[in-house]
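One-letter residues, chain by chain:
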Amino acid sequence: MIVSRHYQPTSHFTKKLKHLRKADPKSYGRIQKTIERLLLEPERADGRMVGLYHGKLKKYVGRRDYRIIYYWCDLCLKESKKYHCGVIPDNSVIFFDIYHKKDKKKIQRNSPIQ
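Residues numbered from 1 in each chain as written. Predicted model: local features only at pLDDT ≥ 70, side-chain atom pairs only at ≥ 80, totals over all residues. Heavy atoms only, no water.

### Focus on the packing of aromatic side chains
(1) Moving on: Taken as a whole and assessed by the stated rule, the structure comprises 4 aromatic pairs.
(2) Moving on: With centroids separated by 6.4 Å and ring planes inclined at 45°, the aromatic side chains of Tyr53 and Phe96 adopt a geometry described as tilted. Of this pair, Tyr53 sits in the loop between strand 2 (47-48) and strand 3 (57-61) while Phe96 sits in strand 5 (residues 92-100), and the two are 43 residues apart along the sequence. A single burial state applies to Tyr53 and to Phe96, both of which are buried.
(3) Moving on: Taken together through their ring pairs, the aromatic side chains of Tyr7, Phe13, Tyr70 and Phe95 make up a single cluster.
(4) Moving on: Directly above the aromatic system of Phe96 lies the positively charged group of Lys56, at a separation of 4.9 Å from the ring centroid. (Phe/Tyr/Trp six-rings, centres within 6.5 Å; stacked < 30°, edge-to-face > 60°. Helix = DSSP H or I, 4+ residues; strand = E, 2+ residues; numbered from the N terminus. Buried < 20%, exposed > 50% of the residue type's maximum accessible area, 1.4 Å probe, protein only. Lys NZ or Arg CZ within 6 Å of the ring centre and 35° of its normal.)

As structure tokens, this is what we get:
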């Protein structure tokens, strides 16, 4: 049984996604499709982050383009991390950041953790 999760973007993620909608419409469409797939199957991550977003999940949008940083509430509850418990529904996927692969080093300076 496939269950769709609740879409929960941070303000930082929303701002970057709005910018991408204007700056790179082709990639924006691929990003939206990837978000839809993550809401259906958030366990299909491409790995875990290290550094600033340590422990968060990452998903590639294509091989050479963007990376989405997110976390899945069910996993949070299993690991007893409780990042945002009580604020959002338990069946949510929280989207923290999106960045282009070539901007990987800039992420440490420009991305607030929420």
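After that view of the structure, there is still more to cover.
### Examining the side chain of Arg5
(1) Moving on: Counting through the fold element by element, Arg5 comes out in the segment before strand 1 (6-9).
(2) Moving on: Residue Arg5 is classed as buried on the basis of its relative accessible area, which comes to 16%.
(3) Moving on: Within the local environment of Arg5, its side chain forms a polar contact with the backbone oxygen of Leu40, the two atoms lying 3.1 Å apart.
(4) Moving on: In this view, Arg5 contacts Leu39, Leu40, Pro42, Trp72, Asp74, Asn91, Ser92 and Val93; residues no more than four positions away in its chain are not counted. (Polar contact = N/O pair within 3.5 Å; in protein donor to acceptor, adjacent residues only side chain to side chain. Contact = heavy atoms within 4.5 Å.)

### Thoughts on the packing of helix 1 (residues 11-23) against helix 2 (residues 25-40)
Helix-helix packing: each pair is described by the crossing angle between the helix axes and the interaxial distance.
(1) Moving on: As a packed pair, helix 1 and helix 2 sit with axes 6 Å apart at the nearest point and diverge in direction by 135°. Looking at the two axes, helix 1 sits oblique to helix 2. For the pair helix 1 and helix 2, the crossing hand works out as left-handed. Here Phe13, Leu17, Leu20, Arg21, Lys22 and Ala23 of helix 1 come into contact with helix 2, specifically with Pro25, Tyr28, Ile31, Gln32 and Ile35.
(2) Moving on: Across the contact of helix 1 with helix 2, the residue classes tally to 8 nonpolar, 1 polar and 2 charged. (Axes fitted to C-alpha atoms, helices over the stretch in contact; angles between N-to-C directions. Parallel < 35°, antiparallel > 145°, perpendicular 65-115°, else oblique. Left-handed = near helix turned anticlockwise from the far one by under 90°. Nonpolar A, V, L, I, M, F, W, Y, C, P; charged D, E, K, R; others polar.)

### Concerning the pattern of salt bridges
(1) Moving on: Per the stated rule, a full pass over the model turns up 3 salt bridges.
(2) Moving on: With its nearest N and O atoms 3.0 Å apart, the salt bridge here joins Asp97 to Lys16. On the criterion of sequence distance, the pair formed by Asp97 in strand 5 and Lys16 in helix 1 is long-range, its members being 81 residues apart.
(3) Moving on: With a relative accessible area of 26%, Lys16 lands in the partly exposed category. (Salt bridge = Lys/Arg side-chain N within 4 Å of Asp/Glu carboxyl O.)

### As for the nonpolar core
(1) Moving on: Core analysis: the biggest nonpolar cluster contains 27 residues, and Phe13, Ile31, Ile35, Ile68, Tyr70, Phe95 and Ile98 have the highest contact counts within it.
(2) Moving on: The set of elements that each furnish at least two residues to this core consists of helix 1, helix 2, strand 3, strand 4 (66-72), helix 3 (73-79) and strand 5.
(3) Moving on: Setting aside residues no more than four positions away along its own chain, Ile31 makes contact with Leu17, Leu20, Val61, Tyr66, Ile68 and Ile98. (Core = buried A, V, L, I, M, F, W, Y, C linked by side-chain atoms within 4.5 Å.)

In short, the description is geometric, and any link to function would need to be established separately.
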